[in-house]
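Results of the structural survey
Read off the chains here:
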Amino acid sequence: MSATRDTSQRRLQISELVRQHGSVQVATLARRFGVSMQTVRKDLRYLAERGVMARAYGGAIDSSVVGTSSSASSEPHYEAKRTSHLDEKRRIGQRAAALVKAGDTIAIDSGTTAIQLAESLPNIDVTVVTNDFGVLGALAPKNNINIVMLGGELRRKNMAFYGGLTVEALDALHVDMLFLGVDGLDLERGITTHYEPEAMLNRKMVEAARVVVAITDSSKFGKICLHRIVPVGDLNVLITDRGAPSDIVQAAEQLGFEIILA
């Protein structure tokens, strides 16, 4: 096996160990893989730079358990997002669906909470614009709902479509309400996401909407991702769960958006 392949295999195994155990130690990894501690430190630095884990004294910690208020957080795997905080997402989806009336044209952003909203939408005369494959799947059986799918290139990491074609398709559209999924929400840094084309598309969606409704469980508060979509003050409504911190509730009063706790 070549040195490069050997290195990449070892790094893959280290990431898996961190995911399984929550943390790893340099000395233990060096013994396990039969390499020097310096080599292991290089591996950990490489993986930390890619958001797989965070460096800690003598080892590393799974990035998903590290507080991310001071640094950009890494994007969780699609399956992990789909199953985490599911009860909260269902309640948020139901509260969001209750805002939709017959005759409305709405945009639903990508994301697992968005899919819960789509599942909860009644089979009434509404038009839904979306770029999310899961939202499409949830709405397809509801034959009274008119679906406008934004084309583009499928990003399998979150099963949604992005790119120039997707953004262009929004140029001619205006919607009554946008339901915006959230990867990170921080009062200073605003609403952020991991993926730049998603941020560009979301900004375009915000421009096209009369009312902007963010839908997110409280695990996203205080998280900051690399790409900013809009400041928190651009929201009209925020639907979240009862785990929302008090500073978010205060910010809603100060910035003038409505907060709904599901």
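Structure: above.
In this report, the structure presented in the accompanying data block is examined. (Residues numbered from 1 in each chain as written. Predicted model: local features only at pLDDT ≥ 70, side-chain atom pairs only at ≥ 80, totals over all residues. Heavy atoms only, no water.)

Describing helix H6 (residues 112-120)
Across the nine residues of H6, seven count as buried, placing the element largely inside the fold. The complete set of buried residues in H6 reads Thr112, Thr113, Ala114, Ile115, Gln116, Leu117 and Ala118. (Buried < 20%, exposed > 50% of the residue type's maximum accessible area, 1.4 Å probe, protein only. Helix = DSSP H or I, 4+ residues; strand = E, 2+ residues; numbered from the N terminus.)

What to know about helix H2 (residues 26-33)
When we look at burial in H2, the residues that qualify are Val26, Leu29, Ala30 and Phe33. Projected onto a plane normal to the axis of H2, the buried residues spread over an arc of 100° and lie on a single side. Of the residues in H2, the exposed ones pointing more than 90 degrees away from the buried face are Arg31 and Arg32. At the C-terminal side of H2, Gly34 shows a positive phi close to 65°. (Arc of directions from axis to C-beta.)

Details of the packing of helix H1 (residues 3-21) against helix H3 (residues 37-49)
It is the contact of H1 with H3, at a shortest axis distance of 10 Å, that shows an interaxial angle of 70°. The pairing of H1 with H3 is recorded here as roughly perpendicular in orientation. Here the hand of the crossing between H1 and H3 comes out right-handed. Along the contact surface, H1 presents Thr7, Arg10, Arg11, Ile14 and Ser15, while H3 presents Thr39, Lys42, Asp43, Leu44, Tyr46 and Leu47. For the contact of H1 with H3, the residue count by class is four nonpolar, three polar and four charged. (Axes fitted to C-alpha atoms, helices over the stretch in contact; angles between N-to-C directions. Parallel < 35°, antiparallel > 145°, perpendicular 65-115°, else oblique. Left-handed = near helix turned anticlockwise from the far one by under 90°. Contact = heavy atoms within 4.5 Å. Nonpolar A, V, L, I, M, F, W, Y, C, P; charged D, E, K, R; others polar.)

Quick look at the packing of H2 against H3
In the contact formed by H2 and H3, the axes pass within 9 Å of each other and the chain directions differ by 110°. If you check the angle between H2 and H3, you find them roughly perpendicular. Of the two possible hands of crossing, H2 and H3 adopt the one that is right-handed. Counting all contacts with H2, which are made through Val26, Ala27, Leu29 and Ala30, the residues of H3 involved are Met37, Val40, Arg41 and Leu44. Across the contact of H2 with H3, the residue classes tally to seven nonpolar, no polar and one charged.

Points about the sheet that holds strand S13 (residues 227-230)
Taken in spatial order, the three strands make up an open sheet running S10-S11-S13, and their pairing is antiparallel. At either end of the open sheet lies a strand with only one pairing partner, and these are strand S10 (184-186) and S13. This sheet shows a mean twist of 35° between the axes of neighbouring strands, independent of strand direction. Where S10 and strand S11 (residues 190-193) come together, three bridges link them in antiparallel fashion. The partner of Gly184 across the bridge, within S11, is Thr192. Contacts between helix H9 (residues 196-208) and the sheet are confined to S11 and S13, with S13 contributing the most and set at about 10° to the helix. (Pairing = 2+ DSSP bridges.)

Some words on the nonpolar core
Leu178, Leu185, Ile191, Val212, Leu235 and Leu238 are the most contacted members of the largest nonpolar core, which totals 29 residues. If you list the elements that add at least two residues to this core, you get strand S8 (160-162), strand S9 (175-181), H9, strand S12 (209-215), S13 and helix H10 (246-255). If one sorts the elements of this core by residue count, H9 sits on top with four residues. The residues contacting Leu238, other than those within four sequence positions of it, are Leu185, Ala214, Thr216, Phe221, Ile248, Phe257, Glu258, Ile259 and Ile260. Core analysis: the next-biggest nonpolar cluster, separate from the first, contains 26 residues, Ile106, Ile108, Ala114 and Val213 among them. (Core = buried A, V, L, I, M, F, W, Y, C linked by side-chain atoms within 4.5 Å.)

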